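Observations on the three-dimensional arrangement
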Amino acid sequence: MKSIREYVEISVEKAFDEAQIDKKFAKVVKSQRPDLCQFQCNGALAAAKSIGKNPREIGQNIVDILSKNADFSKVEIAGAGFVNITLKDEIIAKIILSQNFENSKDNFSQTIILDFGGPNVAKPMHVGHLRSAIIGDCLRRLFKYLGYKVIADNHLGDWGTQMGMLICKTKEKYPNLPYFDENFSGEYPQNPPFDISELELLYPQASKECKENPENLAQAIKATDELQQGKIGFVALWKHFVKLSKDTLKNDFSKLDVEFDFWLGESFYADRMKEIVEYLKKENFAKESQGALVFEVGEPSDTKEIPPVLLVKSGGGFLYATSDIATIDYRVKEFSPNRICYVVDKRQSLHFEQVFRAVKKAKIAPQNLLLEHIGFGTVNGADGKPYKTREGGVMKLCDLIDSVINKAKVRIEEAGLATDASENEKTKIAETVGISALKFADLSNHRLSDYVFDLDKFCAFEGKTGPYLLYTAVRIKSIIRKVKDAKIVSRDILVTDNDRDLLLEIGRLSDVLESAGVDCSPNYLCDYIYGLSQEFNRFYNNSPILREENSKLQSSRLKIAEITLKTIETVLEILGINIPERM
Ligand code: ARG
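Residues numbered from 1 in each chain as written. Predicted model: local features only at pLDDT ≥ 70, side-chain atom pairs only at ≥ 80, totals over all residues. Heavy atoms only, no water.

Looking now at the site of the ligand. Neighbouring residues of the ligand: Asp115, Gly118, Asn120, His129, His155, Tyr320, Asp324, Tyr342, Val344, Gln348 and Phe352. Here a nitrogen atom of the ligand and a backbone polar atom of Gly118 are 2.8 Å apart. Tyr320 places a polar side-chain atom, nitrogen or oxygen, 2.8 Å from a nitrogen atom of the ligand. The protein chains hide 88% of the 350 Å² of surface that the ligand would expose on its own. Grouping the constituent residues of the shell around the ligand by class yields four nonpolar, five polar and two charged. (Near = heavy atom within 4 Å. Polar contact = N/O pair within 3.5 Å; in protein donor to acceptor, adjacent residues only side chain to side chain. Areas by Shrake-Rupley, 256 points an atom, 1.4 Å probe, with all protein chains shown as cover. Nonpolar A, V, L, I, M, F, W, Y, C, P; charged D, E, K, R; others polar.)

Next comes the structure, spelled out in structure tokens:
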């Protein structure tokens, strides 16, 4: 798929070629002055500078060449050498009609690994993981649409100190379990000693005790070291923790319609961490420091201090950074990626800076591998502090999802929607609307900004919200259904003053997708689709379909409605938002 702008750019490139000017200057942008023209090329100015000619002369030359092109209704020079371009209406119609929504660009030779989700075993997912999951999954869909080979990996936190904390806590509560019996030689039990709700209660207790009591923390670190060194009882118990957690996490992610190709997790790299540390020692990158092993990554040119990467603790345990370095080593060897994007809280930026420097310095990653930390801000409560439950505890993701679905249900009733649907269908619609509210609210903010969690605002059917977009999509569907019932068929597009802006907006889709991918910014898609919905509503208010007497106009408007719907559906799909059949 190409945008209308790209079509124009191709002609302008040819004109630059003909004028024997480097076509890198032939960039075309959407006009800043829609009253004067639809597109602009400002390249004559830069070209003039580079070859030492008069910009207006170059601009006029380009205008003269483009004026012979039958696609344009107007090509003019303005100001110091700007080229203003307007397309003929039939060309706009032709481009829009030829749009193929199924495939976008051919980027199959490029592989992108997306590292997102990444919750921690035994800690319930919270709103921070929600952002990672929603933004990461949207980027997964976007890059796939843009034709990249995408690998989505859920880098589960299953190998850190919290594992040792849980082992100690379990031992304290159930000291007679075989996992703690040094002389045990039988088979460890198949079933876990407790269920997930108990596990989720044990973790905060253990974590609190470790914070308050250094002795507890020392025990937990020791247990973690023993687990990492393969103590069989601990490994058997740890497997239960992981299994219990994964089952719950899978459930949460599936409610959100978030998908991964892999769930490798930190523990998957246990052996590689050992190997990579040996390699770093051998190559003199790793150095002893106060009993620990560190990797210096600071540079003389640094304006702020970048501390060394901690690779191995004095007790022998590996760290978060060690696992990330080993993970990059594996990913490079296994998938040969061109780009790895980490969708993780922006407060981890130093960690990623250190890790990225380490792998480049030690030549674990090729120099041209793009490593990017796609950070995001915090979800806050009305008090401006990170969002909590009413009691002040961490808001569990599953409770949060339930609350948004309940709110959507209330809103749907208040708005008098879906009144004739069965109870079952009403519940399904509320789920779809609720998840759309949650996802759209998250994605429509620039990912680096913090935002306030405001259920009332997210679930409103007016304004820039998920429910508003679903409502618009369902409304267009129903308009199309009614028009088709009246035996009207969609054919050509006849561009008129009432729909030209809508068509130009539809013709921007490919550009918007492209720049959202470059900047990893789903909010571009949200802005676009909201603007498009408003533009459609304006069009439809001025251009009714059923009441129109001219049958050609009628069928053109039906076609325009269909293509608008297709555009909205395409973008919502990439945002990970489903549209209900009716509402
Ligand atoms: N488990 C980490 C956390 O909850 C996120 C993991 C992100 N991915 C990574 N490769 N470090 O903060």
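All buried positions along helix H2 (residues 43–51) are accounted for by Gly43, Ala44, Ala47 and Ala48. Angularly, the buried residues of H2 cover 135 degrees about the axis, an arc narrow enough to put them on a single face. Looking at H2, the residues exposed on the side facing more than 90 degrees away from the buried face are Lys49 and Ser50. Where H2 is buried, its residues touch helix H1 (4–18), strand S2 (39–41) and helix H3 (55–67). (Buried < 20%, exposed > 50% of the residue type's maximum accessible area, 1.4 Å probe, protein only. Helix = DSSP H or I, 4+ residues; strand = E, 2+ residues; numbered from the N terminus. Arc of directions from axis to C-beta. Contact = heavy atoms within 4.5 Å.)

Throughout the structure, instances matching the rule amount to 44 salt bridges. Across the salt bridge formed by Asp527 and Lys464, the nearest N and O atoms sit 2.5 Å from each other. Of this pair, Asp527 sits in helix H19 (residues 522–542) while Lys464 sits in the loop between helix H15 (455–458) and helix H16 (466–485); the two residues are 63 residues apart in sequence, bridging distant segments of the chain. Overall, the relative accessible area of 37% leaves Asp527 in the partly exposed class. When salt bridges that share partners are traced, they join Asp137, Arg140, Arg141 and Glu573 into one network. (Salt bridge = Lys/Arg side-chain N within 4 Å of Asp/Glu carboxyl O.)

Summarising the sheet, strand S10 (residues 339–343) and strand S11 (residues 370–374) pair through five bridges and their orientation is parallel. Across the sheet, residue Arg339 finds its bridge partner in S11, namely Leu370. Considered for its hand, the β-α-β crossover made up of S10, helix H12 (residues 349–361) and S11 is right-handed. (Pairing = 2+ DSSP bridges. Right-handed = clockwise from strand over helix to strand, strands pointing away.)

Pairing is antiparallel in the open sheet, where four strands are placed in the order S1-S2-S4-S3. The sheet is open, and its two edges are formed by strand S1 (28–30) and strand S3 (72–78), each paired on a single side. Sheet twist, expressed as the mean angle between neighbouring strand axes with direction ignored, is 25 degrees. Relative to strand S4 (residues 82–87), S2 is paired through three bridges, and the arrangement is antiparallel. Across the sheet, residue Phe39 finds its bridge partner in S4, namely Ile85. Of the strands in this sheet, S1, S2, S3 and S4 touch H1, which is tilted by about 150 degrees from S1. Contacts from H3 reach S3 and S4, with the element oriented near 170 degrees to S3. (Axes fitted to C-alpha atoms, helices over the stretch in contact; angles between N-to-C directions.)

Most of S10 is tucked away: five of the five residues are buried. Burial along S10 is two-sided: Arg339, Cys341 and Val343 and Ile340 and Tyr342, pointing in opposite directions, are all buried. Where strand S5 (residues 111–115) and S10 come together, four bridges link them in parallel fashion. Paired with Asp115 across the strands is Tyr342, a residue of S10.

A separate point is the side chain of Lys313. Secondary-structure assignment places Lys313 in the loop between strand S9 (309–312) and helix H11 (320–335). Here Lys313 occupies a buried position and makes no salt bridge, while the nearest side chain of opposite charge, Asp225, is found at 5.1 Å. When near neighbours in sequence (up to four residues on either side) are disregarded, Lys313 contacts Thr161, Ile221, Gly291, Ala292, Phe318 and Leu319. (Lys, Arg positive; Asp, Glu negative; His and termini not counted.)

Quick look at the sheet that holds strand S7 (residues 286–289) now. If you walk across this open sheet you meet the three strands as S7-S8-S9, and the pairing is antiparallel. Taken across any chain shown, the strands that pair with only one partner, and hence form the sheet edges, are S7 and S9. Ignoring which end each strand starts from, the neighbouring axes of this sheet average 45 degrees apart. Helix-sheet contacts for helix H10 (residues 270–282) involve S7, strand S8 (292–295) and S9, and the interaxial angle to S8 is about 70 degrees.

The subject of this paragraph is the packing of aromatic side chains. All told, the structure shown has 28 aromatic pairs when counted by the stated rule. Between the aromatic rings of Trp159 and Trp238, the centroid separation amounts to 5.1 Å while the plane-to-plane angle is 65 degrees, which identifies the pairing as edge-to-face. Of the two residues, Trp159 is situated in the loop between strand S6 (149–153) and helix H6 (161–173) and Trp238 in helix H9 (residues 232–255); the sequence distance between them amounts to 79 residues. For Trp159, a relative accessible area of 8% corresponds to the buried category. Given a relative accessible area of 11%, Trp238 falls into the buried group. Among the aromatic residues, those joined into a ring-pair cluster are Tyr179, Phe180, Phe184, Tyr188 and Phe234. Cation over ring: Lys2 sits above Tyr7, and NZ or CZ is 5.9 Å from the ring centre. (Phe/Tyr/Trp six-rings, centres within 6.5 Å; stacked < 30°, edge-to-face > 60°. Lys NZ or Arg CZ within 6 Å of the ring centre and 35° of its normal.)

Moving on, we get to the packing of H19 against helix H20 (residues 551–575). Following both chains from N to C, one finds H19 and H20 inclined at 160 degrees, their axes separated by 10 Å at the closest point. When the axis of H19 is compared with that of H20, the two are roughly antiparallel. The crossing of H19 and H20 is left-handed. From H19, Pro522, Leu525, Cys526, Tyr528, Ile529, Leu532, Ser533, Phe536 and Phe539 reach across to H20, where they touch Arg557, Ile560, Ala561, Thr564, Thr567, Ile568, Val571, Leu572, Ile574 and Leu575. Among the residues making up the contact of H19 with H20, the classes are represented as 15 nonpolar, three polar and one charged. (Parallel < 35°, antiparallel > 145°, perpendicular 65-115°, else oblique. Left-handed = near helix turned anticlockwise from the far one by under 90°.)

All quantities given are derived from atomic positions and should not be read as evidence of function.
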